[in-house]
Amino acid sequence: MVLLRSVPPPTEGVRHEQGETTAVLDGKGLGTGTLYVAETRLSWFDGSGMGFSLEYPTISLHAISRDLSAYPQEHLYVMVNAKLNDEMQENAHDDEEDEDEEDDCEGITEIRFVPSDKAALESMFSAMCECQALHPDPDDEDSNGDFDGDEYDVEEAEAEHGQGDIPSFCTYEEGVSGLRAEGQATLQRLEGMLAQSVANTFHMAGVRTDETNGEFDDGVEVDAGSTVAGQFEDADIDH
Amino acid sequence: MCPLCGWDVLVSYLICGTLHSVDQYLNIKLTDISVTDPEKYPHMLSVKNCFIRGSVVRYVQLPADEVDTQLLQDAARKEALQQKQ
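Residues numbered from 1 in each chain as written. Chains lettered and ligands numbered in written order. Predicted model: local features only at pLDDT ≥ 70, side-chain atom pairs only at ≥ 80, totals over all residues. Heavy atoms only, no water.

Looking at an unreviewed UniProt entry, chain B carries the name U6 snRNA-associated Sm-like protein LSm2, with the source organism given as Oncorhynchus kisutch. On record in UniProt, under Function (unreviewed entry), the comment for chain B is "Binds specifically to the 3'-terminal U-tract of U6 snRNA." Here is the UniProt Sequence similarities (unreviewed entry) comment for chain B, exactly as written: "Belongs to the snRNP Sm proteins family." (UniProt positions renumbered as here; feature names shortened; annotations may be inferred.)

Digging into the packing of aromatic side chains
Inspection of every chain in the model, using the stated rule, returns three aromatic pairs over all chains. Linked through ring pairs, A:W44, A:F52 and A:F113 together constitute an aromatic cluster. (Phe/Tyr/Trp six-rings, centres within 6.5 Å; stacked < 30°, edge-to-face > 60°.)

Notes on the pairing of strand β5 (residues 50-54) of chain A
Residue and element names in this part refer to chain A. With four of five residues buried, β5 is to be regarded as a mostly interior element. The pairing of strand β4 (residues 42-46) with β5 spans four bridges and is classified as antiparallel. Opposite W44, over in β5, you have F52 as the bridge partner. Counting the residues between successive antiparallel strands, the hairpin from β4 to β5 contains three residues, one of them, G49, with a positive phi of roughly 90°. (Buried < 20%, exposed > 50% of the residue type's maximum accessible area, 1.4 Å probe, protein only. Helix = DSSP H or I, 4+ residues; strand = E, 2+ residues; numbered from the N terminus. Pairing = 2+ DSSP bridges.)

Topic: the nonpolar core
Residue and element names in this part refer to chain A. One finds L42, F52, L76 and F113 to be the most contacted residues of the largest nonpolar core, which totals 26 residues. Among the elements that make up this core, the one with the highest residue count is helix α3 (residues 121-133) (seven residues). Discounting chain neighbours no more than four positions away, the residues touching F113 are T21, T22, A23, L35, L42, W44, F52, H75, L76, V78 and M124. (Core = buried A, V, L, I, M, F, W, Y, C linked by side-chain atoms within 4.5 Å. Contact = heavy atoms within 4.5 Å.)

Here it is as structure tokens:
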């Protein structure tokens with residue numbers, strides 16, 4: 001995420017352009033400028049050409065805020081799954097208590113785009129929805145292919161991740177980062193179980209084989225070499 | 001996933017709302033949202049509708065009594081198996 005640096009506004013694939021839009025970043029007003037909802041990224045620039053860009057994969061959530069009692073103007077609310085760097089971070093900490101920010105809100109930034117034309121909010125929101133759909137997370141796409149040859153046991157995964165009532169991750173931000181570690185740990189365990197009973201199909205699967213091989217050192221005992229061939233080779237296991 | 005639209009869901013233990021729509025990437029549009037912990041997330045109080053990026057969704061809780069969980073699990077397994085091939 002580029003912050004307040006002089007970069008040219010996008011010229012191609014601009015789904016929506018909204019002038020006279022004030023940007024408020026973690027409570028700090030940045031002035032009035034133009035919001036560009038482009039297919040490649042979300043950008044905002046003030047009159048002098050300074051501005052910032054956001055990559056869609058970093059935008060966790062966006063919404064239209066119309067409740068004037070909560071915020072004095074209708075605006076487009078954007079939650080970025082990243083903490084600002086440089087000068088903006090200091091200001092953000094000034095606005096919030098440091099402890100709360102770091103413990104509970106680790107790594108998020110709130111941005112409000114306040115257009116002078118409130119009627120444009122729906123178009124701004126829709127344009128962002130469309131552009132978000134153009135940037136699916138690459139990890140998600142891999143995970144679809146990862147389970148080729150592996151059985152993704154939903155029940156086991158659910159039992160490991162959290163039993164509903166007792167979530168391991170209480171906060172939204174922790175969950176995002178925590179999922180990867182625990183998700184991988186669960187995957188390692190499943191792979192370990194399968195490796196003992198399934199033949200080479202495990203190793204040939206697209207389950208981030210390079211990473212998982214390295215992660216066997218985490219204590220997951222996997223006898224990659226000792227497979228019981230023939231026992232579960234044809235398994236499309238239906239529980 | 002279309003049959004789920006219109007149901008109340010809880011996303012990642014944080015945001016409760018009515019499922020407006022969802023796409024193949026699990027991008028979720030919620031309407032009439034409420035935040036489970038307004039004190040922790042006061043900035044969301046003024047929002048009624050939102051779009052949540054699918055990649056950051058941790059859990060989606062559906063009303064159990066309105067969902068045929070067995071059917072859902074079977075469908076999910078079938079889809080996973082199909083993607084293997």
